[in-house]
Amino acid sequence: MKKILSFAAAAMMLTAVFSCGEGNPKDEEKKVEVTGEITFKTQYDSLAYSYGVMMGTQYSNFQDKDVVVPGETMNVETFLAAFVTAMRRDSANLKIDIKTAEAFIRDFQTQQQKKMMEEREAKVQTNKTQGAAFMTENAKKEGVKTLPSGLQIQTIKEGTGKKPAANSTVKVNYKGTLIDGTVFDQNNEVEFDIAHVVEGFREGLMNMKEGGKAILTIPSDLGYKDYGAGQTIEGGSTLQFEVELLKVVK
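In what follows, the accompanying structure is described. All of these numbers come straight from a predicted model, not from anything done at the bench. (Residues numbered from 1 in each chain as written. Predicted model: local features only at pLDDT ≥ 70, side-chain atom pairs only at ≥ 80, totals over all residues. Heavy atoms only, no water.)

**Overview of the overall build of the protein chain**
Helix and strand counts for the protein chain stand at six helices and six strands. Each helix and strand of the protein chain, ordered N terminal to C terminal, gives the series α-α-α-α-α-β-β-β-β-α-β-β. Counting only residues that meet the buried cut, the protein chain has 32% of its 250 residues in that class. A sequence separation of at least 24 residues applies to 67% of the contacts in the protein chain between residues at least 6 apart. If you sum the accessible surface of the protein chain, you get close to 16200 Å²; carbon and sulfur atoms cover 52% of it. (Helix = DSSP H or I, 4+ residues; strand = E, 2+ residues; numbered from the N terminus. Buried < 20%, exposed > 50% of the residue type's maximum accessible area, 1.4 Å probe, protein only. Contact = heavy atoms within 4.5 Å. Areas by Shrake-Rupley, 256 points an atom, 1.4 Å probe, with all protein chains shown as cover.)

**Examining the pattern of salt bridges**
Taken as a whole and assessed by the stated rule, the structure comprises four salt bridges. Its salt-bridge partner being Lys-128, residue Asp-226 comes within 2.9 Å of it at the nearest N-O pair. Placement of the pair is Asp-226 in the loop between β5 (213–218) and β6 (239–248) and Lys-128 in helix α5 (residues 98–138), with a sequence separation of 98 residues. Looking at Asp-226, the relative accessible area reads 31%, which means it is partly exposed. Given the relative accessible area of 32%, Lys-128 is considered partly exposed. (Salt bridge = Lys/Arg side-chain N within 4 Å of Asp/Glu carboxyl O.)

Structure representation (structure tokens):
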């Protein structure tokens with residue numbers, strides 16, 4: 001979404017800047033072609049070309065799939081035609097004037113935001129449904145205990161040491177996966193304050209003892225909820241952590 005807004009806004013801004021001058025360009029300026037042999041007769045030719053290189057580099061990803069619109073590519077020739085015409089202040093040859101362009105981009109952004117929100121909400125519900133089905137089957141496994149919160153703990157090895165409190169710092173080995181097996185995080189002998197991890201992970205650790213090892217299956221409302229995290233964890237995702245509690249540090 002940020003890419004959609006930033007590129008669209010930039011394009012709108014540039015069109016506004018280069019089309020706001022009064023009058024038409026000189027006849028010889030109209031004859032200049034976008035492509036063709038380029039010569040550097042003065043330092044200003046080099047300056048103009050340098051600016052072109054800078055702006056071309058800035059927009060070099062414009063035509064790539066997903067950069068401006070998810071799942072779509074943009075026609076760079078169409079963009080360049082409008083850009084050059086607007087930069088020359090050749091308003092008579094602009095197929096869309098600046099006010100229409102602004103309104104079109106604004107409406108398009110609104111439509112895209114609505115579409116992406118609807119798709120995201122549908123995906124969250126799908127993830128929740130799949131997660132609930134996974135947890136129903138997981139609950140049937142030997143050694144799995146479902147807590148009142150909905151957290152499931154499958155003890156692999158019983159610990160014999162201390163239990164963490166809600167504000168404890170612990171040292172653990174852990175691996176976090178989605179229900180399809182995708183690993184989204186993994187660390188060994190890492191220390192952290194359990195108050196800073198998701199609710200299900202915290203509750204699971206507080207039900208373990210030093211030296212213990214378990215698999216925690218965490219429903220989305222005890223994890224990253226409908227928001228998700230990063231590019232891998234979508235909203236509504238059920239998580240699993242294989243965790244070994246090495247030590248309650250303090």
